[in-house]
Amino acid sequence: QKEVEQDPGPLSVPEGAIVSLNCTYSNSAFQYFMWYRQYSRKGPELLMYTYSSGNKEDGRFTAQVDKSSKYISLFIRDSQPSDSATYLCAMRTGRRALTFGSGTRLQVQP
Amino acid sequence: EAGVTQSPTHLIKTRGQQATLRCSPISGHTSVYWYQQALGLGLQFLLWYDEGEERNRGNFPPRFSGRQFPNYSSELNVNALELEDSALYLCASSSYIGGNSNQPQHFGDGTRLSIL
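Being a predicted model, the structure only gives us computed values, none of them experimental.

So, how was this worked out
Residues numbered from 1 in each chain as written. Chains lettered and ligands numbered in written order. Predicted model: local features only at pLDDT ≥ 70, side-chain atom pairs only at ≥ 80, totals over all residues. Heavy atoms only, no water. Pairing = 2+ DSSP bridges. Helix = DSSP H or I, 4+ residues; strand = E, 2+ residues; numbered from the N terminus. Axes fitted to C-alpha atoms, helices over the stretch in contact; angles between N-to-C directions. Core = buried A, V, L, I, M, F, W, Y, C linked by side-chain atoms within 4.5 Å. Buried < 20%, exposed > 50% of the residue type's maximum accessible area, 1.4 Å probe, protein only. Disulfide = S-S within 2.5 Å.

**What about the sheet that holds strand E8 (residues 74-78) of chain B?**
Residues and elements named next belong to chain B. Read from one edge to the other, the open sheet built from 4 strands follows the order E1-E3-E8-E7, with strand pairing classed as antiparallel. Lying at the two open borders of the sheet, with one neighbouring strand each, are strand E1 (5-7) and strand E7 (64-68). Taking each pair of neighbouring strands and ignoring which way they run, the sheet shows an average axis angle of 20°.

Here it is as structure tokens:
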């Protein structure tokens, strides 16, 4: 079993829809939780960075962390075709390297 | 502020050769992390350098090695290249303030290594 599980998709939604992306994890030592967006032939771009359980909002993006359930989510409101990319959840303990989910490919249809 | 820069963008080698990949972190960042993103395998951790020292390495053979220079830039060396080494190699950097104030990792656009 992988330490971080993420549905690979692809997930196809119409423009303007609310998108929900999720990851589950097994290592209770994880402290920091991140969401990255990766366009084709580019490196991952940091979207959200959280330390504790709860919600964090930044523009159209909301990240949720539930440490008791070992479950994290990313919500994208008013999705745009430019949001079409692969979304990677990542987490770590302290300053250690990141452990990534496999990524969810999102396609927003105009 | 300039982001993480990696060179070269693309590198083509043959089996058995050696490859050197380079990374310049964001100014002020002292930690550099290397990851491999192979098709179907996701992002896997290779090496972590901080303040010139190797702090941790992932589950990769010793022919993957590297170093960090006094200016915090880093290079990754891969010896005796094998076909399965074909992948996107990503470098990330971060800073450390202290206590629990760990900063997130920011990535470059990677070096695509192709083994023929």
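**Observations regarding the nonpolar core**
Counting 23 residues, the largest nonpolar core has Trp35(A), Ile72(A), Leu74(A), Ile76(A), Tyr87(A) and Met91(A) as the members making the most contacts within it. Elements with a minimum of two residues in this core: strand E3 (19-25), strand E4 (32-38), strand E5 (45-50), strand E7 (61-66), strand E8 (71-76), strand E9 (85-92) and strand E11 (104-109) of chain A.

**Here's the deal with the state of the cysteines**
Within the structure shown, the criterion is met by 2 disulfides over all chains. Note on cysteine connectivity: Cys23(A) is disulfide-linked to Cys89(A), with sulfurs 2.0 Å apart. Between Cys23(A) and Cys89(A) the sulfur-sulfur dihedral comes to about -100°; the bridge is accordingly left-handed. Within this pair, whereas Cys23(A) is found in strand E3, its partner Cys89(A) is found in strand E9, the two being separated by 66 residues in sequence. For the pair Cys23(A) and Cys89(A), one class covers both residues: buried. A sulfur-sulfur distance of 1.8 Å marks the disulfide that ties Cys23(B) to Cys91(B). Judged by the sign of its S-S torsion, about -60°, the bond between Cys23(B) and Cys91(B) is left-handed. A residue pair is termed long-range when its members are at least 10 positions apart, and Cys23(B) in strand E3 (residues 19-24) and Cys91(B) in strand E9 (residues 87-94) qualify at 68 residues. With a relative accessible area of 0%, Cys91(B) lands in the buried category.

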